[in-house]
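# Structural characterization, general
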Amino acid sequence: MGINSSSPSMSVGVGFQDGDLPRTSAAAVSHGSAAGRGGGGGGGSSWRAFDAANNFALIASTAYESLDYDPTDGDMEREVKRRRSKASLKSMDVTRWAIAAAIGVAMGTVAFIVDFLIATLSAARFDTVLAQLDDNAVNSQKTPKLFFLPFLAILTTTAGLSLVAAVLVSYVEPLAAGSGIPELKTYLNGVNIKGLLSVKALVAKLGSLILVVSAGIVAGKEGPFVHAGGIVAGALTNWISRAFSRKLPFSHYLRNDTARRDFIAIGTAAGCAVAFGAPIGGMLFTVEEGVSFFSQRAILWRGFLATCSGVIVFHWLHMLYESPEKFLSSKMGVHRDFGLYSDDVVGISKQFWWYAWELPLFASIGAVGGLIGATFVRLNVMLTRWRRNVVPEGRKMWRVAEVVSVAMATVSICFVITYASPCRPLPSPLVRQILFDVAKSNASSVNVTLPTPPQRPEAMERRETEDRIFFGGGMYESGGVTAIDIKKAHFRPMFCPNDTYSVYGQIFFTPLSDSLKLLIHLGEMLPESRFEFDPGALVLYFLVNFVLMTWTYGIGAATGLFVPTLAVGAAYGQLAGLLVDAIVSSTNFASKVDLHSYAVVGAAAVLGGSTRMTISITVLVMETTGALQLLVPLMLTVLCAKAVGDSLSLGIYDTHIRLKGAPYLEEHDPMGHGYPEADQLTVSDVMAGSLCTLPPTPLLRDVTSLLGSCRHGAFAVVDAQGERASDDDTFDRDRGSGSLGPSSRPGRPARRTQSGNMQHRMCGSVLRSHLLHMIEKRIGVFDPEADDGTGRNMAGFPWPTTTSGLVEMLGQLDAPMTKLRDVNAALDAARLQPGELERLRIDLRPFLQPHPMLVAADAPLSRAYRLFRTMGLRHLYVTEKKPVIVGVLTRKDVMEAAGRKKWDELHDANAICSY
């Protein structure tokens, strides 16, 4: 049949797909050892648990398919590259920059729409309840009616919003659950996840995100925006490459795995940037946490353009919505995503101070933050494993019920805490400002001039501005904010008398992002009369949100982790600051510590302890809070948090990758840190013992039979005649070699070495997806009995004569596999005539990869691991330990100058010969 299942050049990690039998490959072994270490704190408790984690990793990895980042250099591909002009190359480069800018513009627009819908739904949800409470605020009696009517109102709206959010995920696209960062990180590592980047996933993700945040669940929008950015980038790139294919003759290069990987990485950076309003932090997030293959030009520079354009568009749209008449005169860049005041009003350079003796305290806060983060990871892992057994993705109704239960429990806890909250008199500066505003309003209504105050007008104006800013008046961009507006925004009475405010309700009965802003910024303008949150409220806020955050992350809805961890950390930082301030005050120290600096440091500590990011967290926190003065404390804090957290568990995203069993390849230390077994094993110990192969021009019947009998992602193309290796070329079976499969070539006995291994001369490798597209489009298909025009039978597939024909043919090979599910679908699309399946052949020679990566059988497994990890390979073929050598290359030989010189020499020599 022309199909050989013998074992010549063996393959390591041939790209796992559904249907593959789990076997120990380089990818699987690396994941197995990491899973045994990581995941959830129980990997090292016993060898039985260790083996169970490894077995689960190997079985789960078969559900994934690898991507191939190794560029093809086949005959037809090289011919197309030879015909490219400098103008076409310049056009492609400009197109890539334009796509990057378009990704940023699209994500800025998406972010504005999502923010608008969240703000609208949240306001409608809270205003109904707050209006009822304000009507009863004059009466200080807490009656059952006053509790149950608002409670039922907010419980009903929360249940409705969370129900729709859960249905969108469970019934539309389950991959829209969670933040999407572990899945995107896995994809950018070289593992394809079907449906992750579909438009259906985008609709489910954004729809669920809007409803989840509006429902008051302890979740943020930032993580899901990373996923949304990747989907938008992939869809936009695919649309541009197809819509402008005539104007961009080489647009199929935008659709290969490498180009899609780079643009999706840019999309994740843009999504993070517009979610935080932090262009530099968003780019650094992708570089540090997202990408596994970094390119300065393809990702960093173009990603920088995408994040910049995205944040600009988001701010422009926001300004146009707030005050379109003042668009040209409004100041830009003075509002922070987690800021309570405008930078030009607050004088941001005068805030967030610290003393030299506080650096050890910040390091201690970071260490405790790492402990908090590791505790969160371990508890969440236990809960995730329980969910995997009790409420898996297949039990959709149960997943929906869990989301609704989490939402109702969250709002119930917060409402009860608010109802039981103690009351505190309004701060005197706010009371003074309210009286002044009321007097001013009454005087203007009856046309009476107020008496001139004893202070100078400048001092009075400064005092009024400070009082207003002190309580958050600077957060309103449109101006005209009165003290009563500030009281309603941040000092609501809830169930307290009208001249007081709810101590717990101030931070519990408000959107999570707003409570974070209050914890970081409220009262920072007047340190001599600063606003201090009640310690009991801070402790309760920390404990409740930590528990809810742990419970929520992993439910069947779109949930982010950044804002919850920052909020928990800000409360923790405020508590640490109050403790330090009490100790310092007891020593009669002249100056007071800045509680807001401790809130920022605590927020970064818990976020770093949970995610184990460092540089990106430092920049994101500085950009979103304006705490530029805390650069050194933040760096020290996140480093300590990462060090402590790494000693206890993996980060939350890496842990969830392990829990899903994805064949994710980490970047290991070349000295073997993290995966020491790879230096003890050889490639022959783990390679696949048998490999299905194809001849260069197989029968169409043989190809379809092979595709139907296995699910391998790639196939070796070998010469028909096997060659026997000498005894010296074989590797010792006692040192471990893969199992051997019998040859399936009819009429030709298998020729084996003494070690039992079949030898073949390799022509190259061909992808399964290319074979399916070749059958579907009849690419490379020829009739060997037909006349080639010279009176002889055809010996191969005739190439297109034009460049556009070559480009179109290559583009068809890289088309998406959305409709092409299996070989039967390809045969149906080919519309073969009777007898053609047995007569026609496929010429693989122009389309295969003639120079796949190779590794010797006796090489350490760590070498194969590095090749997979650094080159982004899908498969790696194994040769005997003594391959034939024909020359050597050095770094100097592949320099651009050396290549150009050699090209000129060969070109001149050919010109002389032709003359």
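These figures come from a predicted structure and were not determined experimentally.

Another point: the overall build of the protein chain. Counting its regular elements, the protein chain contains 34 helices and twelve strands. Taking all 915 residues of the protein chain together, 54% fall into the buried category. Within the protein chain, contacts between residues separated by at least 24 positions form 82% of all contacts whose residues are at least 6 apart in sequence.

With that settled, consider the packing of aromatic side chains. Applying the stated criterion across every chain yields a total of 19 aromatic pairs. Judged by centre distance (5.7 Å) and plane angle (5°), the rings of Tyr-355 and Trp-357 are stacked. With a relative accessible area of 36%, Trp-357 lands in the partly exposed category. Linked through ring pairs, Phe-126, Phe-147, Phe-148, Phe-151, Phe-415, Tyr-419, Phe-495 and Phe-509 together constitute an aromatic cluster.

Our focus in this paragraph is the packing of helix 13 (residues 359-390) against helix 22 (residues 595-611). The interhelical angle for the contact between helix 13 and helix 22, taken along N-to-C directions, is 40°, at an axis separation of 7 Å. Taken together, the axis directions place helix 13 and helix 22 in an arrangement best described as oblique. Crossing geometry of helix 13 relative to helix 22 is assigned as right-handed. From helix 13, Leu-361, Phe-362, Ile-365, Gly-366, Gly-369, Gly-370, Ile-372, Gly-373, Ala-374, Phe-376 and Val-377 reach across to helix 22, where they touch Tyr-598, Val-601, Gly-602, Ala-605, Val-606, Gly-609 and Ser-610. A breakdown of the residues in the contact of helix 13 with helix 22 according to their chemical character gives eleven nonpolar, seven polar and no charged.

Let's shift gears to the state of the cysteines. With the rule as written, the count across this model stands at one disulfide. Here Cys-423 pairs with Cys-496 through a disulfide, and the sulfurs are 2.0 Å apart. Every disulfide takes its handedness from the sign of the S-S torsion; for Cys-423 and Cys-496 that torsion is -90°, giving left-handed. With Cys-423 in strand 4 (residues 423-425) and Cys-496 in the loop between helix 17 (483-490) and strand 5 (500-502), this pair connects stretches of sequence that are 73 residues apart. We classify Cys-423 as partly exposed; its relative accessible area is 37%.

A positive phi is found at Met-494, a non-glycine position, where the angle reads about 55°. Given a relative accessible area of 4%, Met-494 falls into the buried group. Residues other than glycine seldom take positive phi values, yet Arg-612 does so here, at roughly 70°. Locating Arg-612 in the fold gives a position in the loop between helix 22 and helix 23 (615-625).

To continue, consider the confidence of the model for the protein chain. Scored by pLDDT, the protein chain has a mean of 79; 75% of the residues are at 70 or more. The low-confidence segment residues 448-480 (pLDDT under 50) makes 62 contacts with residues lying over four places distant or belonging to another chain. Here residues 722-756 is a poorly scored stretch, pLDDT under 50, and it has 89 contacts once near neighbours within four places are set aside; other chains count.

Moving on to the pattern of salt bridges. Under the criterion given, the structure shown has 21 salt bridges. The shortest N-O distance in the salt bridge between Arg-82 and Glu-79 comes to 3.2 Å. With Arg-82 and Glu-79 both in helix 3 (residues 75-82) and three residues apart, the pair spans about one turn of that helix. The partner of Glu-836 in a salt bridge is Arg-778, with the nearest N and O atoms 3.5 Å apart.

Turning our attention to the packing of helix 28 (residues 700-709) against helix 29 (residues 768-777). One way to put it is that helix 28 packs onto helix 29 with a least axis distance of 11 Å and a crossing angle of 135°. Taken together, the axes of helix 28 and helix 29 lie oblique to each other. Seen along the crossing, helix 28 lies across helix 29 with a hand that is left-handed. In contact with Leu-700, Val-703, Thr-704 and Leu-707 of helix 28, helix 29 contributes Arg-768, Leu-771, Leu-772 and Ile-775. Looking at the contact of helix 28 with helix 29 residue by residue, the class counts come to six nonpolar, one polar and one charged.

Turning our attention to the side chain of Arg-399. Structurally, Arg-399 is set in helix 14 (residues 396-419). Here Arg-399 is buried and forms no salt bridge, its nearest opposite-charge partner Glu-393 lying at an N-O distance of 5.2 Å. Contacts of Arg-399, omitting those with residues within four sequence positions, involve Ser-170, Ala-177, Val-391, Pro-392, Glu-393, Ile-555 and Gly-556.

On to helix 11 (residues 296-322), then. The terminal C-alpha atoms of helix 11 lie 38 Å apart, and with 27 residues this matches the ideal 39 Å at 1.5 Å per residue to within 8%. Maximal helix bending in helix 11 amounts to about 25°, located at Gly-303. Of all the residues in helix 11, the buried ones are Ala-298, Ile-299, Arg-302, Gly-303, Ala-306, Thr-307, Ser-309, Gly-310, Val-311, Val-313, Phe-314 and Met-319.

The next point concerns helix 21 (residues 562-586). For helix 21, with 25 residues, the first-to-last C-alpha span of 36 Å sits near the 36 Å given by 1.5 Å per residue. Of all 25 residues in helix 21, 19 are buried; the element is thus mostly enclosed. Note on helix 21: the residue one or two positions beyond its end, Asn-588, has a positive phi of about 60°.

Criteria and thresholds
Residues numbered from 1 in each chain as written. Predicted model: local features only at pLDDT ≥ 70, side-chain atom pairs only at ≥ 80, totals over all residues. Heavy atoms only, no water. Helix = DSSP H or I, 4+ residues; strand = E, 2+ residues; numbered from the N terminus. Buried < 20%, exposed > 50% of the residue type's maximum accessible area, 1.4 Å probe, protein only. Contact = heavy atoms within 4.5 Å. Phe/Tyr/Trp six-rings, centres within 6.5 Å; stacked < 30°, edge-to-face > 60°. Axes fitted to C-alpha atoms, helices over the stretch in contact; angles between N-to-C directions. Parallel < 35°, antiparallel > 145°, perpendicular 65-115°, else oblique. Left-handed = near helix turned anticlockwise from the far one by under 90°. Nonpolar A, V, L, I, M, F, W, Y, C, P; charged D, E, K, R; others polar. Disulfide = S-S within 2.5 Å. pLDDT = per-residue confidence, 0-100. Salt bridge = Lys/Arg side-chain N within 4 Å of Asp/Glu carboxyl O. Lys, Arg positive; Asp, Glu negative; His and termini not counted. Expected span 1.5 Å × (residues − 1). Bend = angle between axes of the 7 residues up to and from the residue.

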